[in-house]
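Chain and residue survey
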Amino acid sequence: MACGIPPDTRCLKLRFCCGQNLRLLFFLFYLNMVSGHIRYSIPEEMKKGSLIGNVAQDLGLDLKRLRSGRARIVTGESIQYTELKTDKGILVVKERIDREQLCGDITPCSFSFEMILENPMELHQITVEITDINDHSPKFKRDKIHFEISETANTGARFTLTSAEDQDVGVNGLREYFLTENDNFVLKQNSNADGKKYAEMVLQKPLDRETNPSLSLKLIAVDGGTPQRSGSVNIDITVLDANDNAPVFNQSVYKATVLENSPRDTYVTTVNASDVDFGSNSVITYYFSDLNSGLSDLFTVNEESGVISITGLIDYEKDKKYELRIEAKDQGGLTDSSKVIIEVTDVNDNAPIISVMSFTSPVSEDSPSGTTIGIINVKDLDSGDNGQVNCKIEQNAPFKITSNLRNYYTLVTDTVLDRESVSEYNITVVATDAGMPPLSTKRTFTLKVSDVNDNAPVFSQGVYNAFITENNSPGVSVLMLRARDPDENQNARISYILEDANIGGSPVSEYVSVNAESGVVHIVRSFDYEQIKQLVFVVKAQDGGSPPLSSNVSVKIMIQDQNDNPPQVLYPVQTGGSLVAEMVPRSADVGYLVTKVVAVDVDSGQNAWLSYKLQKATDRALFEVGLQNGEIRTIRQVTDKDAVKQRLTVIVEDNGQPSRSATVIVNVAVADSFPEVLSEFTDFTHDKEYNDNLTFYLVLALAVVSFLFITCLVVIISVKIYRWRQSRVLYHSNLPVIPYYPPRYSDTLGTGTLQHVYNYEVCRTTDSRKSDCKFGRAGSQNVLIMDPSSTGTMQRIQSEKSILDEPDSPLEVS
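Parameters at a glance
Numbering of residues begins from 1 in every chain and follows the order in which that chain's sequence is written. Since the coordinates come from a predicted model, pLDDT governs what is reported: local features require at least 70, and pairs of side-chain atoms require 80 or more to be given and counted, while whole-chain, interface and lining totals use all residues. Hydrogens are left out, water is left out, and the side-chain values use all remaining heavy atoms of the structure. Here a helix means four or more residues in a row that DSSP labels H or I, a strand means two or more in a row labelled E, and each is numbered from the N terminus. Exposure is judged per residue with a 1.4 Å probe applied to protein chains only, and the accessible area is read against the type maximum: over 50% gives exposed, under 20% gives buried, and values in between give partly exposed. The criterion used for residue contact is that any of the two residues' heavy atoms lie within 4.5 Å. Sulfur atoms of two cysteines make up a disulfide when they are within 2.5 Å. Each cavity reported here is a set of points on a 1 Å grid over the protein atoms alone in which a 1.4 Å probe fits but cannot get out, each pocket an open set with protein on both sides within 12 Å along at least five of seven lines, and each lining residue one with an atom within 4 Å of a point. Grid points are joined across faces, edges and corners, and a volume is the space filled by probe spheres set on the points. Nonpolar residues are Ala, Val, Leu, Ile, Met, Phe, Trp, Tyr, Cys and Pro. Charged residues are Asp, Glu, Lys and Arg, and all others, Gly as well, are polar. Working definition: a ring pair exists when centres of Phe, Tyr or Trp rings (six-membered ring for Trp) sit within 6.5 Å. Plane angles under 30 degrees give stacked, over 60 give edge-to-face, the rest tilted. Confidence of the predictor at the level of single residues is captured by pLDDT, which takes values from 0 to 100. Note on pairing: DSSP must find at least two bridges between two strands before they are called paired. What counts as an axis is a line fitted to C-alpha atoms, over the stretch in contact for a helix, and the angles between N-to-C directions run from 0 to 180 degrees. As used in this structure description, the phrase polar contact means that two N or O atoms lie within 3.5 Å; if the pair is within protein, one of them must be able to donate a hydrogen and the other to accept it, and residues adjacent in sequence are counted only when both atoms belong to side chains. When a carboxyl oxygen of Asp or Glu lies within 4 Å of a side-chain nitrogen of Lys or Arg, that pair is called a salt bridge.

1. Notes on the overall build of the chain
Secondary structure summary: the chain contains five helices and 57 strands in total. Within the chain, buried positions represent 39% of all 814 residues. Contacts in the chain between residues at least 24 apart in sequence constitute 66% of all its contacts with a sequence separation of at least 6.

Okay, here's the thing in structure tokens:
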């Protein structure tokens, strides 16, 4: 009965442990893991789904906490008798509970398990006590009991009867025996030290074989349950003659000690009984009287010698002590009984058992020291020192084991983890008992460390240098940046970003670009070494973490010169409208410095090294050019036979591959006076200017003719469209047509209505006798002016000209 209510109502009894459990709860208050202990009591054989107790209410937990904490039951047994309904917070029966199968004759009968919640971790121990119901009747192992008793048996002789076995316990267990009524025997009931009852049949009236050669009795065993159950066995007694002395044991109790796991046929002890009779009546046979206990499978007694030995497996964890009833019987059927108590000595034959209550993997690498990653339960079925267990971590790892509750150990981190150093740990927990020799058990846990973005990308170089030749093709790649991030997955995904900057007033993105994925630097435009010598910019490598981490690196791209510029001649100046000439007196000696060709090359290095060569000359035997300095000197004495007008073509060449060159024409006048030079160079000037003017006139005439042609087309089309529209208007309006004549219109067959008037005025310079002019009709003015400079250059200024000049103008200049 629980809670004062009969068991039939199946009341669930909730009891909180007091006394030392209060001290345990007080100790657990200081732990990171919350724990509690509740106890329920239920009868056996409850139906599946029957209510055991409201766990949530008894522990003061909310139903949401049960669901969010993933509440679950953890038991080390193969059969789980209970089930937790997290949606209701109740504990119900899951499997049929047979108290006799679960505990045998052990009372009280209970089993314990743990309920675990996570986030935060909570551990609650629940004990369910199973109360017995009267569902078994007493049973005898034998169908009948047979005795052979001599008629000379003394009054008071005892005959031990086979005991009945009732699997129920307490009031439902075996209570007493009854013997059917008879004249010779009465029943005497006794109890063993373990509380088991057994019966003896005591002779109260001598037997008379001649009156009753045999007797048939019945032994009835009843229990104390309600309703009461019973079992019976028949007793057949055969009365023998003559043997009037029973065997007598020399000890009422025999004691022995054996080691568990002792091999078969191991000697235990020897019992001894004596019979004062003579002959065959003194021959004694030994046997076990109580066969219901099942001890006959563990021990055997030699019928003749009384030696007791082991025949089965002795397990200390199952039974620590055995109590045997042994009988000594002579040939006349007289017996005596004695008791043999065998104590079992424990040996260290059970290694510790490691059970995992909870284990968390992976764990974040930024978890603080002391983070709980697992809870384990360690049990050793041995006793004493053999059952004392010590747990430790086998290898040198950043973890430790703490124990705050008996048989429970917590696996926590000892330091801060670093995934980049070690991404996975194999943690081996070793549980060792204190036996001799000690036994141990290993359990390996694989713990993975999850990554956090705690490492910025790192470039392989502090500064990247690259070279590229000028006049490169846009889009060419010049180098690849490479950064490494020891993190993983998204935290290690690197993007390369070109930092904003200005180079020469323009954004750096107009010069280079960086591939965000590969880090390849591409040239966006073609470079000119003469404008920019190098590019210096910053590239940022940024990972994909949250928040992202980054690092910068400087990139320097040096532009290499290419021989893409020809030399430029600074002197003598080459002009299109004037003539420059150097004068050399006829008295000039050998090595006379005529002039110096000055040239530069905007390239650099060997591309800018210049050399001078004389390509053509009027008289090659008169002049030479310095290879390195460009000086033009005479190489012989000037004579009167040498021509006044000397024309030298000098080529200036750089040292590039391939080389580039420029050509300059140097006019040299070999004369002692200026008028002589002027008369020689006048024709040359006029010829050059005439050619230039002719080219200009041809281009101008072509442009004018094209313009007139297009204008005429536009006018004709416009007039056509206008007339067509007028005709349409007149046609629809029915008005008379009045012809229209434009001003100055003349209905003649003349070739044109515009005047063609030309007026030219020519001015000549010195020595104009070589010029030739033809004048046309008077009209607009064209003026030709000869430059009064010493070179005799002639310029033409057009002051006014009609847009419809005829191409066959009568002006000719030669």
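Here the narrative resumes.
2. Quick word on the state of the cysteines
With the rule as written, the count across this model stands at one disulfide. Each disulfide pairs two cysteine sulfurs, and for Cys103 the partner residue is Cys109, the sulfurs being separated by 1.9 Å. One quick way to see it: the torsion about the S-S bond of Cys103 and Cys109 is about 70°, and its sign makes the bridge right-handed.

3. Describing the environment of Asn261
Note that Asn261 resides in the loop between strand S19 (253-259) and strand S20 (267-270). For the pair formed by Asn261 and Asp349, sequence separation is 88 residues and the distance between their alpha carbons is 8.3 Å. Contacts of Asn261, omitting those with residues within four sequence positions, involve Leu313, Ile314, Val347 and Asp349.

4. Points about empty space enclosed by the protein
The final tally for this structure, using the stated rule, is four cavities of 30 Å³ or more. Reported here for the largest cavity is a volume of approximately 50 Å³. Lining of the largest cavity is provided by Thr160, Leu161, Thr162, Ser163, Asn192, Tyr198, Ser289, Asp290 and Arg325. Here the residues of the lining of the largest cavity are counted per class, giving two nonpolar, five polar and two charged.

5. Thoughts on the packing of aromatic side chains
For any pair of aromatic rings, geometry is given as the distance between the ring centres together with the angle between the planes. Within this structure, the stated rule accounts for 14 aromatic pairs. Taking 5.4 Å as the distance between ring centres and 70° as the angle between the ring planes, the aromatic pair formed by Phe299 and Tyr322 counts as edge-to-face. On the criterion of sequence distance, the pair formed by Phe299 in strand S23 (residues 299-301) and Tyr322 in strand S25 (residues 321-329) is long-range, its members being 23 residues apart. For Phe299, a relative accessible area of 1% translates into the label buried.

6. Notes on the confidence of the model for the chain
For the chain, per-residue confidence averages 79 on the pLDDT scale, and 81% of positions sit at 70 or higher. Predicted confidence is poor over residues 733-814, with pLDDT under 50, and the contacts of this stretch with residues over four places away or in other chains come to 103 contacts.

7. A word on the sheet that holds strand S48 (residues 593-596)
Pairing is antiparallel in the open sheet, where three strands are placed in the order S48-S52-S51. Either end of the sheet is taken by a strand with one partner, and the two such strands are S48 and strand S51 (623-625). The mean angle between the axes of side-by-side strands here comes to 20°, regardless of whether they run parallel or antiparallel. Alignment of S48 against strand S52 (residues 631-634), held across three bridges, turns out to be antiparallel. Bridge assignment links Lys596 to a residue of S52, and that residue is Glu631.

8. Let's talk about the sheet that holds strand S3 (residues 51-54)
One open sheet accounts for three strands, arranged S3-S6-S5; its pairing is antiparallel. Across the chains shown, the open sheet's two edge strands, defined by having one partner strand only, are S3 and strand S5 (82-85). Between one strand and the next, the sheet's axes are offset by a mean angle of 20°, whatever the strand orientation. Examined bridge by bridge, S3 and strand S6 (residues 90-93) share three bridges and lie antiparallel to one another. Bridge pairing in S6 places Asn54 opposite Ile90.

9. Digging into unusual backbone geometry
A cis amide bond, omega -10°, links Thr107 with the succeeding residue Pro108. Within the secondary structure, Pro108 sits in the loop between helix H4 (99-103) and strand S7 (109-117). Here Asn119, not a glycine, exhibits a phi torsion of approximately 55°, which is positive. In this fold, Asn119 is placed in the loop between S7 and strand S8 (122-131). In this structure Asn119 comes out as exposed when scored by relative accessible area, which is 66%.

10. Regarding the environment of Arg620
Tracing the backbone shows Arg620 in the loop between strand S50 (610-617) and S51. Discounting chain neighbours no more than four positions away, the residues touching Arg620 are Leu614, Gln615 and Ile635. Reaching out from Arg620, the side chain makes a polar contact with the backbone oxygen of Leu614 at a distance of 3.2 Å.

11. Examining the pattern of salt bridges
Following the criterion strictly, the structure yields 23 salt bridges and no others. The closest approach of N and O atoms between Arg99 and Asp132, which form a salt bridge, is 3.2 Å. Residue Arg99 is found in helix H4, and its partner Asp132 is found in the loop between S8 and strand S9 (139-140); the two are separated by 33 residues along the sequence. By relative accessible area, which is 15% here, Asp132 ends up buried. A salt bridge links Asp642 to Arg636; its shortest N-O distance comes to 2.7 Å. Assessed through its relative accessible area of 24%, Arg636 is described here as partly exposed. A cluster of three or more residues bridged by salt bridges with shared partners is formed by Arg419, Glu420, Asp451 and Glu488.

12. Section: the side chain of Asn190
Mapped onto the secondary structure, Asn190 falls in strand S14 (residues 185-191). At 3.4 Å, the side chain of Asn190 and the side chain of Glu200 are in polar contact. Setting aside chain neighbours within four positions, we find Asn190 in contact with Lys196, Lys197, Tyr198 and Glu200.

13. Things to note about the environment of Ile559
Locating Ile559 in the fold gives a position in strand S45 (residues 550-560). When near neighbours in sequence (up to four residues on either side) are disregarded, Ile559 contacts Ile468, Glu470, Phe527, Tyr529, Ile532, Lys533 and Gln534.

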